[in-house]
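# Structural characterization, general
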Amino acid sequence: MNAPRRPIQAVSTWVRRQPPKVKAFLAVVAGMAALVLLRAIVHDHDNLFVAAEAVHAIGISVLIYKLMKEKTCAGISLKSQELTALFLAVRLYCSFVMEYDIHTLLDLATLATTLWVIYMIRFNLKSSYMEDKDNCAIYYVVIPCAALALLIHPSTSHHLINRIFWAFCVYLEAVSVLPQLRVMQNTKIVEPFTAHYVFALGVARFLSCAHWVLQVLDSHGHLLVALGHGLWPSMVLISEIVQTFILADFCYYYVKSVFGGQLVLRLPSGVV
């Protein structure tokens, strides 16, 4: 006689059997429900952005712990770390010349730790770096973001170069995780610390997206007007949504793996 399945396993099995359109619909419904919940329990929605930065910092801390304890960087994408450092550096520049606040300090701390991770991978732990798996060309990510920033950027009163840089870091942040997903796609097996780090990125991206969406709702659309005119306000929201959904599939399998008691995450074909 088969043992009764846990509710989470039963739901997971049912979701897995659904066609792609139904899965997409369920993901949208789940996202909307989460936004409604956050809107009800978080009164100052700026706290969501701070929380997003804090979760990202936790993810980086997990990564640092892995590098220091296990003395290996296997499964970590150096290119994703370099893209992260690039958009953080550009965003820091924009923060200093356009607006200086707590976000600037959080970005500075995250950039410092990211640079340390890059140093460890490039020099101290170079022998364990899976260069053959980290085969997503950076220029495929950077050049489209730069081109899009030249075409679509804020229409505020700031200098044109600063506005282009601002747009560039927004677009690059949205896709900076792609090389890391490519590494996991190539290996199919994700060890715990790397899985925790990527899941933290997914949570951070969702909180950041929720921050922007709720800000727009609370201002009744006035925030979009404050960002400028043309396509830029819409592109900001689209970028936030894209970076959330890029990691949604991985986060689903991560949660399923955790509830299933699996220490090592095994990704099915076609995921990420």
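Residues numbered from 1 in each chain as written. Predicted model: local features only at pLDDT ≥ 70, side-chain atom pairs only at ≥ 80, totals over all residues. Heavy atoms only, no water.

## Some thoughts on the overall build of the chain
Threshold: The secondary structure listing takes helices from DSSP runs of H or I that are at least 4 residues long and strands from runs of E that are at least 2 residues long, numbered from the N terminus. Each residue is placed in one exposure class: buried if its accessible area under a 1.4 Å probe, protein chains only, is under 20% of its type's maximum, exposed if it is over 50%, and partly exposed if it falls in between. When checking whether two residues touch, look at their non-hydrogen atoms; a contact exists if any pair is within 4.5 Å. All accessibility values rest on the Shrake-Rupley procedure with a 1.4 Å probe; residue burial counts only the protein chains present in the view.
In terms of helices and strands, the chain carries eleven helices and two strands. For the chain, the proportion of its 272 residues judged to be buried stands at 45%. A separation threshold of at least 6 residues defines the contact pool for the chain, and within that pool the share at least 24 residues apart is 77%. Carbon and sulfur atoms provide 68% of the accessible area of the chain, an area that totals close to 14,300 Å².

## Re the packing of aromatic side chains
Keep this limit in mind: Aromatic rings from Phe, Tyr and Trp, with only the six-membered ring used for Trp, were paired whenever their centres fell within 6.5 Å, and each pair was classed as stacked if the ring planes differed by under 30 degrees, edge-to-face if by over 60, and tilted otherwise.
Counted by the stated rule, this structure contains eight aromatic pairs. Pairing Tyr 93 with Phe 165 gives two aromatic rings, centres 5.7 Å apart and planes at 80 degrees, and the pair type is edge-to-face. Here Tyr 93 is found in helix H4 (residues 78–98), whereas its partner Phe 165 is found in helix H7 (residues 160–175), with 72 residues between them in sequence. What makes Tyr 93 partly exposed here is its relative accessible area of 35%. Pairing Tyr 171 with Trp 232 gives two aromatic rings, centres 6.0 Å apart and planes at 75 degrees, and the pair type is edge-to-face. Residue Tyr 171 is found in helix H7, and its partner Trp 232 is found in helix H11 (residues 232–259); the two are separated by 61 residues along the sequence. For the pair Tyr 171 and Trp 232, one class covers both residues: buried. Members of the aromatic cluster, joined through ring pairs, are Trp 166, Tyr 171 and Trp 232.

## What to know about a nonpolar patch on the surface
The line we're drawing: Any residue with relative accessible area above 30% and no salt bridge may belong to a patch, with like charges joined within 9 Å and the nonpolar Val, Leu, Ile, Met, Phe, Trp and Tyr side chains within 5 Å. Any Lys or Arg side-chain nitrogen found within 4 Å of a carboxyl oxygen on Asp or Glu counts as a salt bridge.
Residues Tyr 93, Phe 96, Val 97, Ile 161 and Phe 165 make up a contiguous nonpolar surface patch of about 450 Å² in total accessible area. Counting only elements with at least two residues in the nonpolar patch, the list comes to H4 and H7.

## Structural notes on the UniProt feature "transmembrane region" (unreviewed entry) in the chain
The line we're drawing: UniProt positions are given in the numbering used here, feature names are shortened, and annotations may be inferred rather than shown by experiment.
Per the UniProt record, "transmembrane region" (unreviewed entry) is found at residues 24–42, 104–125, 137–154, 160–181, 193–214 and 234–255. Helix makes up 95% of residues 104–125 and strand 0%. Its end C-alpha atoms lie 30 Å apart.

## Description of the packing of helix H9 (residues 192–218) against H11
Cut-off, in case you're wondering: As a rule, the C-alpha atoms of each element are fitted with a line to give its axis, helices using only the stretch in contact, and angles between N-to-C directions run from 0 to 180 degrees. When the near helix sits turned anticlockwise from the far one by under a right angle, the crossing is termed left-handed; a clockwise turn instead gives a right-handed crossing. Residue polarity is assigned by list, with Asp, Glu, Lys and Arg as charged and Ala, Val, Leu, Ile, Met, Phe, Trp, Tyr, Cys and Pro as nonpolar; anything else, Gly included, falls into the polar class.
Between H9 and H11, whose axes approach to 8 Å, the crossing angle comes to 145 degrees. The interaxial crossing formed by H9 with H11 has left-handed handedness. When the residues that make up the contact of H9 with H11 are grouped by side-chain class, the tally is 17 nonpolar, five polar and two charged.

## Re the environment of Ala 167
Looking at where Ala 167 falls in the secondary structure, it is placed in helix H7. Between the alpha carbons of Ala 167 and Arg 91 there is a distance of 9.4 Å; along the sequence they are 76 residues apart. Here Ala 167 is in contact with Ala 149, Ile 152, His 153, Pro 154 and Trp 232, once residues within four sequence places are set aside.

## Some thoughts on helix H6 (residues 139–151)
What counts, and what does not: An expected span of 1.5 Å times one less than the residue number is assigned to each helix. To obtain the arc, one takes the directions from the helix axis to the C-beta atoms.
Here H6 spans 18 Å end to end across 13 residues, near enough to the 18 Å set by a 1.5 Å rise per residue. Every buried residue belonging to H6 is among Val 141, Val 142, Cys 145 and Ala 149, and all of these are buried. In an axial view of H6, the angular spread of the buried residues amounts to 90 degrees, which keeps them on one side of the axis. Opposite the buried face of H6, by more than 90 degrees, sit the exposed residues Tyr 140, Ile 143, Leu 150 and Leu 151. Considering only its buried residues, H6 is in contact with H4 and H7.

## What about the nonpolar core?
Where we set the bar: To qualify as a nonpolar core, a set must consist of buried Ala, Val, Leu, Ile, Met, Phe, Trp, Tyr and Cys residues joined through side-chain atoms within 4.5 Å.
Counting residues in hydrophobic clusters, the biggest one holds 60 residues, and the most contacted among them are Tyr 171, Leu 172 and Leu 247. Breaking this core down by element, the ones donating at least two residues are helix H3 (46–70), H4, helix H5 (102–124), H6, H7, helix H8 (178–187), H9 and H11. Residues contacting Tyr 171, with those up to four places away along its chain left out, are Cys 145, Leu 148, Ala 149, Ile 152, Trp 232, Met 235 and Ser 239. With eight residues, the next largest nonpolar core counts Leu 48, Val 55, Ala 200 and Ala 210 among its residues.

## With respect to H9
Keep this limit in mind: Two N or O atoms count as a polar contact when they lie within 3.5 Å, although within protein this holds only if one can serve as hydrogen donor and the other as acceptor, and sequence-adjacent residues are included solely when both atoms are side-chain atoms.
Given a rise of 1.5 Å per residue, 27 residues ought to cover 39 Å, and the 38 Å separating the end C-alpha atoms of H9 matches this to within 8%. For H9, the N-terminal capping position is held by Glu 191, with its side-chain oxygen 3.1 Å away from the main-chain nitrogen of Phe 193.

## Focus: the packing of H6 against H7
Note the following rule: Throughout, the term roughly parallel applies to angles under 35 degrees, roughly antiparallel to angles over 145, roughly perpendicular to angles from 65 to 115, and oblique to all others.
Contact pair H6 / H7: the axes reach a minimum separation of 8 Å and the direction vectors enclose 140 degrees. In terms of orientation, H6 lies oblique with respect to H7. Crossing hand, H6 versus H7: right-handed. From H6, Val 141, Val 142, Cys 145, Ala 146, Leu 148, Ala 149 and Leu 150 reach across to H7, where they touch Ile 164, Ala 167, Phe 168, Tyr 171, Leu 172 and Val 175. Across the contact of H6 with H7, the residue classes tally to 13 nonpolar, no polar and no charged.

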